[in-house]
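Here is how the chains run, residue by residue.
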Amino acid sequence: MKGLSVFLALLFFSFLCLAAQEGDIIDWDIDSVFDEPWPEFSPEENADDDAMASVMGSVKRKGIVFDASYRFQGGFAPGWNITPWDDDEERVFTWGPYVKMAASLSMDAQISEIFRVKSVMDFCIPSKKNSVFEFSLGDFFFDYNMYNAVFFRAGKYSQSWGISPNYEFTNLLARVPEDGPKGPSYIMKADVPIGVGGVQALALTRVDFLKGETPARNDIGLGGKYNLAFRWADFDLGIFYLDRMPLRSFFSTKTTLWNFELYNEWLVAVDLNNDNETSFAVNLGFGKDFFNEKLDINWEFFFNGEGKSSLYHSETDIREEGISPFVEGFNMALNLIYRFGGKGKPRLFTQVLYAPMQDSAQLIPGFKLNPWEHIDIYFAVPMALGNKEGYYYKHNEDPKNRPFSMMLLVTLKGSIKAGYY
């Protein structure tokens, strides 16, 4: 109860800070602080729409585009393995200094009007794996347009389903089995446009081809999704199955009503290896801007009755790739973001994730500044509140999985493109 009281006090303080300022609205992007690949909440588009636009746009003249991106980062993240307001002799303080230099070189080759290939090479210092140097393959895939009716894409890349910016439970393609490959995804998919929507069918595996491994039959998952779009609402129906995991299907809808962006998702999981045991999950959320588009709010309710399950998250500038368990039971999320406007484009944000059945919560207040061209300054205080055995105390956004830290990160970044046609 002590932790919960602190949580409520901090939340109240965050509301006061937001109410006392004025500025312009931007999309919610707390993911930028930790470079998490969260989908951006929007009533008009999602990751699948962007992917489809990319494939449809492949009908171009022959040529090649080179893209070089660079990022230099420095900062520190002091924190404790036990929250500072809890009296515990085992509490340990660490500074967590952070320095990184990274570059990404990509080639986007339009070989013909119907055939396109993209490859990305990444390297960074220091390496997250050996602390010296790392050179790795990023995306590597091809697009093929068959008669402007079927659009194929195959190779090493990631694909996302679902709407929720907080709980990716309908992103079935990110689910991983307890015992099986858990690395980056290799996907072959086909998109067939139907009106404004369309059908998508795919095969996915996480077997490491870079190490010469060959997928067995039970290492390949199969799935499909149907999108039906109207002016007043957008609907998605999807299904995915991989051996050693339940058969999962989801239904989602999103619309705009009275200037509120509403979304609702349902998931049903049937464990074919355990007497067809059935479970479900559901969410309901909305997004809304206020004060002449100065304050943006996203709220979501989520119930996870599926039980134990895991989600793959890609490697980022802060965290290594890994597996995150889903929080069970009832959950709530609140995202607030406010832009002040003027020089530096300061923005204030707060995210709250709350699991009442576990008496566990995560609060991340912070701000972002862009004082000079190419330079971003982030400051955030991710903290876990409530029960020490609760979900967010053991699984949080700190790169070292500490329940309390203060993260300051300065980034100098830029990119340049050159093309030949």
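All values derive from a computational prediction rather than experimental measurement.

A. Representation of the layout of surface pockets. Its boundaries defined by the atoms lining it, the second largest pocket holds a volume of some 350 Å³. Lining of the second largest pocket is provided by 18 residues; of these, Pro246, Arg248, Asp271, Glu306 and Lys308 occupy positions nearest its centre. For the lining of the second largest pocket, the per-class residue count stands at 5 nonpolar, 6 polar and 7 charged.

B. Seen up close, the pairing of strand β21 (residues 360-372). Bridging between strand β20 (residues 347-355) and β21 involves 9 bridges; their strand directions are antiparallel. Bridge pairing links leucine 348 to phenylalanine 367 in β21. Connecting the antiparallel pair β20 and β21 is a turn made up of 4 residues, with aspartate 359 showing a positive phi of about 50 degrees. Relative to strand β23 (residues 383-386), β21 runs antiparallel, the two being bridged by 4 bridges. Opposite leucine 363, over in β23, you have methionine 383 as the bridge partner. Across 5 bridges, the pairing between β21 and strand β22 (residues 375-380) is antiparallel.

C. Structural detail: the side chain of asparagine 227. By the secondary structure assignment, asparagine 227 is in strand β11 (residues 220-229). The exposure class of asparagine 227 is buried, given its relative accessible area of 11%. Here the side chain of asparagine 227 touches aspartate 234 through a polar contact of 2.7 Å, side chain to side chain. Each residue touching asparagine 227, except ones within four places of it in the same chain, is listed here: Val196, Gly197, Gly198, Asp234, Phe235 and Asp236.

D. Molecular detail of the side chain of serine 309. Considering the arrangement of structural elements, one finds serine 309 in the loop between β16 (295-304) and β17 (310-313). Contacts of serine 309, omitting those with residues within four sequence positions, involve Arg175, Arg248, Ser324, Pro325 and Phe326.

E. Local environment of the sheet that holds strand β18 (residues 322-325). The 3 strands lie next to each other as β8-β17-β18, forming an open sheet whose pairing is antiparallel. Strands at the two margins of the open sheet, each flanked by one partner only, are β8 (175-176) and β18. The sheet contact formed by β17 and β18 spans 4 bridges and is antiparallel. If you follow serine 310 over to β18, its bridge partner there is proline 325.

F. Layout of the confidence of the model for the protein. When pLDDT is averaged along the protein, the result is 84; 84% of the residues meet or exceed 70. Averaged pLDDT values over the elements of the protein bottom out at 39 in helix α1 (residues 2-19) and peak at 97 in strand β7 (residues 150-156). Long-range and interchain partners of residues 1-53, a stretch whose pLDDT sits below 50, account for 125 contacts in this model, where long-range means more than four residues apart. Confidence drops under a pLDDT of 50 for residues 55-59, and excluding neighbours within four residues, the segment shows 11 contacts in the predicted structure.

G. Summary view of the environment of glycine 344. For glycine 344, the location among the structural elements is in the loop between β19 (329-339) and β20. Overall, the relative accessible area of 12% leaves glycine 344 in the buried class. Glycine 344 sits 28 residues away from tryptophan 372 along the chain, and the two C-alpha atoms are 6.9 Å apart. Sequence-distant contacts of glycine 344, that is, excluding residues within four places in its chain, are made with Leu369, Asn370 and Pro371.

Conventions we followed
Residues numbered from 1 in each chain as written. Predicted model: local features only at pLDDT ≥ 70, side-chain atom pairs only at ≥ 80, totals over all residues. Heavy atoms only, no water. 1 Å grid on protein atoms, 1.4 Å probe; cavity = no way out; pocket = protein on both sides within 12 Å on 5 of 7 lines; lining within 4 Å. Points joined across faces, edges and corners; volume = space filled by probe spheres on them. Nonpolar A, V, L, I, M, F, W, Y, C, P; charged D, E, K, R; others polar. Pairing = 2+ DSSP bridges. Helix = DSSP H or I, 4+ residues; strand = E, 2+ residues; numbered from the N terminus. Buried < 20%, exposed > 50% of the residue type's maximum accessible area, 1.4 Å probe, protein only. Polar contact = N/O pair within 3.5 Å; in protein donor to acceptor, adjacent residues only side chain to side chain. Contact = heavy atoms within 4.5 Å. pLDDT = per-residue confidence, 0-100.

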